[in-house]
Amino acid sequence: NSPTSTFNRLVVLILFVVYSTYNSSVHLRSLGSVLHYSNYDDIETIRERDGGKEEIQNNEDDEDVESTFLNSNDNFVNQTRNEIINVDDEEDKENIEKKDIGENENTVDIATIEVEMSSNNSTLQSDIIQIVHNPNEKSITISYKNLLSTMNANNETTTARQCLNPIIRGRLSGPALSIIQWTPYYANTTNKKELGPVVDKMFGRYSVPLPGKYYIEIIGIMCNHRFHIPNDDFRNQCLIHPSHHRLTADGAYIDVGADDDVGNNIDVDLDEADIVPMPGHWKWNPAKEQNDYNDKGQEQRSPLSLSQEPLYTRYQPPFCRGDENKTLPHCADKMDLTRYEAYEFEFDPELKSMIETSLASSSLSPITRRSQPLSSSTATDRGNTTETVMANTTVCLVGFSHSRHMRDSMRQVVYYQNPTIQIDWGKARFPDELHNIEYFNNMHKKLEGDNNCTHVLIGLGQWAASKPLLFDRYERDIEEAMRVAVRARDEIGFALFFRSIHYNPMGDVYSSCPPQDWRYPPVIDGYNVIIKSLCEQYNIPFLDTNAMFGPMWDSGNDWCHPNMQVGLPEAFYLLGKMMMSNTSNM
């Protein structure tokens, strides 16, 4: 117990604390790498490329990279740093580390199962570390490589990532179909503003009504989109070509277990307003009958003899147009429609019953209108006096060819549900054709007797996207169309609705570079966001059918219009929602 012995022990203790702090710092840096890379070979590659652990501490660019690691969306690594620094016991420290890298029994990571990835070596595919399925949460997570930046000889920033802000789509196919709804999580890149948003992870949720084996296909749509930039001209942005857009391996699948909430998943990471209730599901029915024709051209029915196979995205390769080319080997399997035949839409039983009841009782519909037209009202009494009358129910669809096809589908629905309901069609290609109230007046004049429009459903976007109208122009035009339509509604008395714009299958004009047509999912999604937002502003019901349309989005046989397999359930749903507005505020 001499003073010298006490001093020596104190020196040893100080050295141990310094050594432990250094080791904790080194471990933390390695842990940051583990969060973004799937194996230790990748970690060693990072260390070698960045000059080792010590150089990372002294290099300004690499300090920015470390900041990116430490400032992830959930501040996960910062929390780990604080916990490690503040614990005194090595055993506690080890437990914390295990908890944060997924070794603790309470972490979500323990339930994840890796999804097999494609080996096509596309640019986007090479940016992905792994794709994992969490059966407990009914979720899919895509982890991208971290943003590691260097300066080239020209003092320009280069990155290990090439697809910084990609757009993807995903679909499950098996006992049922489901589109995967994605939410991006962005890396902290405040020190690299010139790069724009950088996606760190994509978190997807799915909803299926039945357990079982589900094939999973995730495709890349765009490598680096700029739709976040106001007024950006997207006309020269190319899609990832469908010949190499698949990110999951051929035959990749997930197992969905049987539990009570298998069909009732809600994506808690989406805004409540963005959650579209599912009116039903597309279910695989191998006993379903298919259309067939004999040698005299007469339709007959024969049972399907299909085994359950992956429902991969259908697309039109180059030089596959025309009847003489569509049967060529490199065209036929990519364009084949038989893959969809065994699926049919099954409505939620309660919703189906409500729609059938509503349709059966809607031979007449109330019209609430101003007792004096706007043109004859004075400034003092304008809009103050209204009257409600009952009229023969007539649904008027405003749009062009998609509305024409919808008219045909709705006429089939009402033929069986309530033949007294009339369906008509008002032609319009672009939103600015509705900028004059005379459009609505003329639409009434062409109808006979008392069959004026009681319900008007507007869907304008296909021609706008084919031109295309950029988002700022489309928003201005559709807003003015809404203002005029609201004025016509108040004067004439019809119930007014807007609907979502349909997706188009991946035809060759969309996948060419640059595109020759822009009716592909990101543009249609952008238009629908605009319509929905403006409908909320003007208190107009927005009827969104993409929850039922989405899983079959690529099934249109002419690469443009939905076929009857999709069109009939959509027509039934839209008619039901409009008729239910007769007795409710929706």
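Please read all numbers here as calculations on a predicted model, not as lab measurements. (Residues numbered from 1 in each chain as written. Predicted model: local features only at pLDDT ≥ 70, side-chain atom pairs only at ≥ 80, totals over all residues. Heavy atoms only, no water.)

Visitor: Explanation requested: the overall build of the protein chain in the structure shown.
Guide: Secondary structure summary: the protein chain contains 17 helices and 22 strands in total. Each of the 586 residues in the protein chain was classed as buried or not, and the buried ones make up 49%. Sequence-distant contacts, at least 24 apart, represent 72% of the contacts inside the protein chain between residues at least 6 apart. Element-wise, carbon and sulfur atoms account for 48% of the exposed surface of the protein chain, whose accessible area totals about 28,800 Å². (Helix = DSSP H or I, 4+ residues; strand = E, 2+ residues; numbered from the N terminus. Buried < 20%, exposed > 50% of the residue type's maximum accessible area, 1.4 Å probe, protein only. Contact = heavy atoms within 4.5 Å. Areas by Shrake-Rupley, 256 points an atom, 1.4 Å probe, with all protein chains shown as cover.)

Visitor: Got a minute to help me understand the environment of asparagine 418 in this structure?
Guide: One can find asparagine 418 in the loop between helix 10 (401–417) and strand 19 (422–427). With a relative accessible area of 5%, asparagine 418 lands in the buried category. Measuring from C-alpha to C-alpha, the distance between asparagine 418 and serine 361 comes to 8.2 Å, with 57 residues separating the pair along the chain. When near neighbours in sequence (up to four residues on either side) are disregarded, asparagine 418 contacts Leu359, Ala360, Ser362 and Ser363.

Visitor: In this structure, what is going on with unusual backbone geometry? I would like to understand it.
Guide: It is generally the case that most residues other than glycine have a negative phi and that most peptide bonds are trans. Of the consecutive residues lysine 467 and proline 468, the connecting peptide bond is found in the cis state with omega at -10 degrees. A positive phi angle, near 55 degrees, is found at lysine 138, a position not held by glycine. Secondary-structure assignment places lysine 138 in the loop between strand 2 (128–134) and strand 3 (139–144). Phi is positive for tryptophan 559, close to 65 degrees, though the residue is something other than glycine. Its location among the elements puts tryptophan 559 in the loop between helix 16 (546–549) and helix 17 (564–580). Taking the relative accessible area as the measure of exposure, tryptophan 559 reaches 11% and is therefore buried.

Visitor: What is the right way to read the sheet that holds strand 21 (residues 495–499) from this model?
Guide: Paired through their backbone hydrogen bonds, the strands of a sheet run either parallel or antiparallel. Here five strands make up an open sheet; going across it, the order is 19-18-20-21-22 and the pairing parallel. On the outer flanks of this sheet lie strand 19 and strand 22 (542–543), each paired with one strand and no other. The pairing of strand 20 (residues 455–458) with strand 21 spans four bridges and is parallel. The residue of strand 21 that forms the bridge with isoleucine 458 is phenylalanine 498. Where helix 17 meets the sheet, its contacts fall on strand 18 (394–399), strand 19, strand 20, strand 21 and strand 22, and the angle it forms with strand 20 comes to roughly 135 degrees. (Pairing = 2+ DSSP bridges. Axes fitted to C-alpha atoms, helices over the stretch in contact; angles between N-to-C directions.)

Visitor: What should I look at first to understand the sheet that holds strand 6 (residues 167–173) in this one?
Guide: The sheet built from four strands is open, its strands ordered 7-6-10-11 with antiparallel pairing. Across the chains shown, the open sheet's two edge strands, defined by having one partner strand only, are strand 7 (177–179) and strand 11 (253–256). The mean angle between the axes of side-by-side strands here comes to 25 degrees, regardless of whether they run parallel or antiparallel.

Visitor: I tried to follow the pairing of strand 18 on my own but got confused; where do I start?
Guide: Residues in a regular strand project their side chains so that they alternate between the two faces of the sheet. Of all six residues in strand 18, six are buried, a share of seventy percent or more. Side chains Thr394, Cys396 and Val398 project from strand 18 onto one buried face, and the interleaved Val395, Leu397 and Gly399 project onto a second face that is buried too. Pairing between strand 18 and strand 19: six bridges, direction parallel. Bridge pairing in strand 19 places valine 398 opposite glycine 426. Regarding topology, helix 10 serves as the crossover connection from strand 18 to the parallel strand 19, and that connection is right-handed. In the sheet, strand 18 pairs with strand 20 via four bridges, with the strands oriented parallel. The residue bridging valine 395 from the neighbouring strand is histidine 455, located in strand 20. (Right-handed = clockwise from strand over helix to strand, strands pointing away.)

Visitor: What's the story with the environment of asparagine 134 in this structure? I'm lost.
Guide: By the secondary structure assignment, asparagine 134 is in strand 2. Placed 21 residues apart in sequence, asparagine 134 and isoleucine 113 show a C-alpha to C-alpha distance of 6.4 Å.

Visitor: What exactly am I supposed to notice about the pattern of salt bridges here?
Guide: Counted according to the given criterion, the structure contains 17 salt bridges. Ionic contacts of the salt-bridge type, sharing partners, join the residues Glu217, Arg246 and Asp250 into one network. (Salt bridge = Lys/Arg side-chain N within 4 Å of Asp/Glu carboxyl O.)

Visitor: Is there a simple way to think about the state of the cysteines in this case?
Guide: Two cysteines whose sulfur atoms are joined by a covalent bond form what is called a disulfide. Taken as a whole, this structure holds four disulfides when the rule is applied. Between the sulfur atoms of cysteine 163 and its disulfide mate cysteine 223 the distance is 2.0 Å. Disulfide cysteine 163-cysteine 223: torsion about the S-S bond near -105 degrees, hence left-handed. Of the two residues, cysteine 163 is situated in the loop between strand 5 (157–159) and strand 6 and cysteine 223 in the loop between strand 10 (212–222) and strand 11; the sequence distance between them amounts to 60 residues. (Disulfide = S-S within 2.5 Å.)

Visitor: Please clarify how the nonpolar core should be interpreted in this entry.
Guide: With 87 residues, the main nonpolar core has Met410, Phe440, Val456 and Ile458 as its most contacted residues. At 10 residues, the largest contribution of residues to this core is made by helix 13 (residues 471–492). Those residues in contact with valine 456, other than ones at most four positions away along the chain, are Cys396, Val398, Phe440, Met443, Phe494, Ala495, Leu496 and Phe497. Grouped together as the second largest cluster of nonpolar side chains are 28 residues, Met117, Leu124, Cys223 and Ala249 included. (Core = buried A, V, L, I, M, F, W, Y, C linked by side-chain atoms within 4.5 Å.)

Visitor: Would you take a moment to explain the packing of aromatic side chains for this structure?
Guide: Each pair of aromatic rings is reported with the distance of its centres and the angle of its planes. Counted according to the given criterion, the structure contains 13 aromatic pairs. Taken together, the aromatic side chains of Phe234, Phe471, Tyr474 and Tyr527 make up a single cluster linked through ring pairs. Stacked on the ring of tyrosine 253, the Lys or Arg lysine 213 has its end atom at 4.5 Å from the ring centre. Over the ring of tyrosine 312 we find arginine 246, and its NZ or CZ is 3.7 Å from the ring centre. (Phe/Tyr/Trp six-rings, centres within 6.5 Å; stacked < 30°, edge-to-face > 60°. Lys NZ or Arg CZ within 6 Å of the ring centre and 35° of its normal.)

Visitor: Explain the side chain of glutamate 217 to me, please; I cannot follow it from the model alone.
Guide: In this fold, glutamate 217 is placed in strand 10. Among the polar contacts made by the side chain of glutamate 217, one reaches the side chain of arginine 246 at a distance of 3.1 Å. Side-chain polar atoms of glutamate 217 contact the side chain of threonine 313, separated by 2.8 Å. Ignoring anything within four residues of it in the chain, the contact list for glutamate 217 reads Arg169, Gly170, Arg171, Arg246, Thr248, Leu311, Tyr312 and Thr313. (Polar contact = N/O pair within 3.5 Å; in protein donor to acceptor, adjacent residues only side chain to side chain.)

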